[in-house]
Amino acid sequence: MCTGWYEERCTSVSGRRRRGKGLDLHSWLRVSLLFSALWGQASPQCPDSCHCDWDTATVQCSDAGLREIPEGIPPETVSLHLERNYIRSIPESAFSGLLHLRDLYLSHNRIDSLASGALRHLGPELRLLDLSHNQLRQGSREEFGSTRAKTRLYHNPWHCDCALQELMETLNLEPETVNGIVCESSVRGLGEGSRWEDPGSQGENAGQPLVKLLDSGVNFCSLQRKTTDVAMLVTMFVWFFMVIVYVVYYVRQNQAETRRHLEYLKSLPSPRKTPTETDTLSTGF
């Protein structure tokens, strides 16, 4: 409490204290806002139409109406849910940078194609790859890379051929769902049709599980090689036949030209001898 001649001095000191507290509060607010801005820039962002659980590193994009793989998936993602959308294809760089990804759910979409090496960027920590309930018809080892994750490929309209057989022998298929990989169509063996036939046409193995066909001794790679050998023989025969036809045609054309030339020479008048030449020949002079 200020009294007497100290009142003016006390008032001055109290004013400075109040101003000091105001300045400290203002500075603290500025520092807090700056820290919040920097933290917002440093913290990972969740893709649009998705929900992110940072505690479990899970990105939930199911039933989001997506037509393509979203951009900006946090690199720390461990579990990525993209099921029940309208995704049609997977580009090569769709999952680049997701080195910690363990579970990738892509079921119940409309995926009908995978870019070459589309799954090559997935890290070795991947444990589950779910591509069931899509529109995949063909697959190869180049598209899946060297992944050893448990893979689900059932409920797809597969066209069974040598490339798919080699892929099945490479992947770590989930045992519970492997019988759901059914051949909607297949390559045709010898006598069943042309090797250039539309892959959409059904073969004799249509509607049967691929694993059971392979276990029963069906080898699509040998069928393809036999069909290729037959096609090569047919091509060589056609080429040889065309060569023979050309040679015969060439010989006949030359014969016709020779006959016309001989007939022309026969039609020319023979030269007649003059009387002087006759007398000279008869007398010997």
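The structure this text deals with has already been given above.
Residues numbered from 1 in each chain as written. Predicted model: local features only at pLDDT ≥ 70, side-chain atom pairs only at ≥ 80, totals over all residues. Heavy atoms only, no water.

Attention shifts here to the overall build of the chain. When you go through the chain residue by residue, the secondary structure sums to 6 helices and 11 strands. Per-residue burial for the chain yields a buried fraction of 32% across its 285 residues. Counted over contacts in the chain with a minimum sequence separation of 6, partners at least 24 positions apart contribute 47%. When the accessible surface of the chain is summed, it comes to about 19500 Å², and 56% of that surface belongs to carbon and sulfur atoms. (Helix = DSSP H or I, 4+ residues; strand = E, 2+ residues; numbered from the N terminus. Buried < 20%, exposed > 50% of the residue type's maximum accessible area, 1.4 Å probe, protein only. Contact = heavy atoms within 4.5 Å. Areas by Shrake-Rupley, 256 points an atom, 1.4 Å probe, with all protein chains shown as cover.)

Our focus in this paragraph is the side chain of threonine 58. Looking at the element boundaries, threonine 58 is found in strand S2 (residues 58–60). Judged by relative accessible area, which is 19%, threonine 58 ranks as buried. At 3.0 Å, the side chain of threonine 58 forms a polar contact with the side chain of threonine 56. (Polar contact = N/O pair within 3.5 Å; in protein donor to acceptor, adjacent residues only side chain to side chain.)

Glancing now at the sheet that holds strand S10 (residues 172–173). Each strand in a sheet pairs with its neighbour through backbone hydrogen bonds, running either in the same direction (parallel) or in the opposite one (antiparallel). Reading across the sheet, the 7 strands line up as S1-S2-S3-S5-S7-S8-S10 and stay open at both edges, with mixed pairing between neighbours. In the strand order of this sheet, the two ends are held by strand S1 (51–53) and S10, each with one partner. The sheet contact formed by S2 and strand S3 (residues 79–81) spans 3 bridges and is parallel. What sits directly across from valine 59, in S3, is leucine 80. (Pairing = 2+ DSSP bridges.)

Turning to the packing of aromatic side chains, a few remarks are in order. Evaluation of the coordinates by the stated rule reveals 0 aromatic pairs. The ring of tyrosine 86 has arginine 67 sitting right over it, with the charged end atom 5.4 Å from the ring centre. (Phe/Tyr/Trp six-rings, centres within 6.5 Å; stacked < 30°, edge-to-face > 60°. Lys NZ or Arg CZ within 6 Å of the ring centre and 35° of its normal.)

Using the criterion set out here, one finds 8 salt bridges in the structure. With a shortest N-O distance of 2.9 Å, arginine 84 and aspartate 63 are connected by a salt bridge. In this pair, arginine 84 is assigned in the loop between S3 and strand S4 (89–90) and aspartate 63 in the loop between S2 and S3, connecting sequence segments 21 residues apart. Its relative accessible area of 52% is what places aspartate 63 among the exposed residues. (Salt bridge = Lys/Arg side-chain N within 4 Å of Asp/Glu carboxyl O.)

This paragraph deals with the state of the cysteines. Applying the stated criterion across every chain yields a total of 4 disulfides. Here cysteine 46 pairs with cysteine 52 through a disulfide, and the sulfurs are 2.0 Å apart. Every disulfide takes its handedness from the sign of the S-S torsion; for cysteine 46 and cysteine 52 that torsion is 85 degrees, giving right-handed. Residue cysteine 52 is classed as buried on the basis of its relative accessible area, which comes to 11%. Here cysteine 162 is linked by a disulfide to cysteine 221, with a sulfur-sulfur distance of 2.1 Å. One disulfide, between cysteine 162 and cysteine 221, carries an S-S torsion of 90 degrees and so falls in the right-handed class. (Disulfide = S-S within 2.5 Å.)

Before going further, it helps to examine the environment of methionine 168. Among the secondary structure elements, methionine 168 is positioned in helix H3 (residues 162–170). Note: C-alpha distance between methionine 168 and isoleucine 181 (13 residues apart in sequence) is 9.8 Å. If we ignore the near neighbours within four places in the chain, the residues touching methionine 168 are Leu153, Leu173, Ile181 and Leu210.

On the secondary structure map, serine 140 appears in the loop between strand S7 (128–130) and helix H2 (141–144). With relative accessibility at 17%, the residue serine 140 sits in the buried group. For serine 140, the side chain forms a polar contact with the side chain of glutamate 142, separated by 3.3 Å. What serine 140 contacts, discounting residues up to four positions off in sequence, is Ala163 and Leu167.

This brings us to the nonpolar core. By size, the foremost hydrophobic cluster in this structure holds 43 residues, and its most contacted members are Phe95 and Leu131. Once residues lying within four places of it in the same chain are set aside, the contact partners of phenylalanine 95 are Ile69, Leu80, Leu82, Ile90, Leu104, Leu106, Ala118, Leu119, His121 and Leu122. (Core = buried A, V, L, I, M, F, W, Y, C linked by side-chain atoms within 4.5 Å.)

Looking now at the environment of serine 113. The topology assignment puts serine 113 in strand S6 (residues 113–114). Separated by 25 residues in the primary sequence, serine 113 and arginine 88 have C-alpha atoms spaced 7.2 Å apart. Among residues more than four places away in sequence, those in contact with serine 113 are Arg88, Ser89, Ile90 and Leu136.

Even without a glycine there, the phi angle at serine 49 is positive, about 70 degrees. Here serine 49 is to be found in the loop between helix H1 (7–42) and S1. The phi torsion at histidine 155 lies on the positive side, around 60 degrees, for a residue other than glycine. If you trace the backbone, histidine 155 turns up in the loop between strand S8 (150–152) and strand S9 (158–160).

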